[in-house]
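As a plain string of letters, each chain reads:
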Amino acid sequence: METVLVILVMSVVGGCGAVETEQSTSTFSPSLCLVSGCSCLESMPTALVDVICSCQHKQVLKIGHLLEVSDSSQPPPNTGSLLVENCHHVELYSRLVNKMKNIQNI
């Protein structure tokens, strides 16, 4: 676990994942769907995933592609929407949206 400062920056639609930290700590997972505070819900008609992350106090959320940013959490490739709320700090790394071919809402 690492200590991180969190700031709410935006909502992002991208993939499955979960991100949540307690106090000033942040848990890291390669999959955004597995981060504490995040959930991924698949829509049966479209097979797209809605990723929702509701941060806790002082939580930092780093969203990106693992091949480019090793300590980021990656949304699933079939992400249709990404919602991030109540975060103190959110980092969205470059090229994330370009690689999310099905993303409709951020």
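Residues numbered from 1 in each chain as written. Predicted model: local features only at pLDDT ≥ 70, side-chain atom pairs only at ≥ 80, totals over all residues. Heavy atoms only, no water.

(A) Expanded view of unusual backbone geometry. Within the chain, Lys58 stands out as a residue other than glycine whose phi angle is a positive 60°. Positive phi, normally seen in glycine, also occurs at Asn86, with a value near 65°. Looking at where Asn86 falls in the secondary structure, it is placed in the loop between strand 6 (79-85) and strand 7 (89-92). What makes Asn86 exposed here is its relative accessible area of 53%. (Helix = DSSP H or I, 4+ residues; strand = E, 2+ residues; numbered from the N terminus. Buried < 20%, exposed > 50% of the residue type's maximum accessible area, 1.4 Å probe, protein only.)

(B) Representation of the state of the cysteines in the model. One pass over the structure, following the stated rule, counts three disulfides. Each sulfur of the disulfide joining Cys33 and Cys40 lies 2.0 Å from the other. Taking the sign of the S-S torsion, -95° for the link of Cys33 and Cys40, the bridge is left-handed. Shown here is the disulfide that connects Cys38 with Cys53, its sulfur atoms set 2.0 Å apart. Disulfide Cys38-Cys53: torsion about the S-S bond near 115°, hence right-handed. Of this pair, Cys38 sits in strand 3 (residues 38-42) while Cys53 sits in strand 4 (residues 49-54), placing them 15 residues apart in sequence. Judged by relative accessible area, Cys38 falls into the buried class, the value being 9%. (Disulfide = S-S within 2.5 Å.)

(C) Focus on the pattern of salt bridges. Inspection of every chain in the model, using the stated rule, returns three salt bridges. Residue Lys62 is joined to Asp71 by a salt bridge in which the shortest nitrogen-to-oxygen separation is 2.9 Å. Among the charged side chains, a network of salt bridges with common partners joins Glu68, Arg95 and Lys99. (Salt bridge = Lys/Arg side-chain N within 4 Å of Asp/Glu carboxyl O.)

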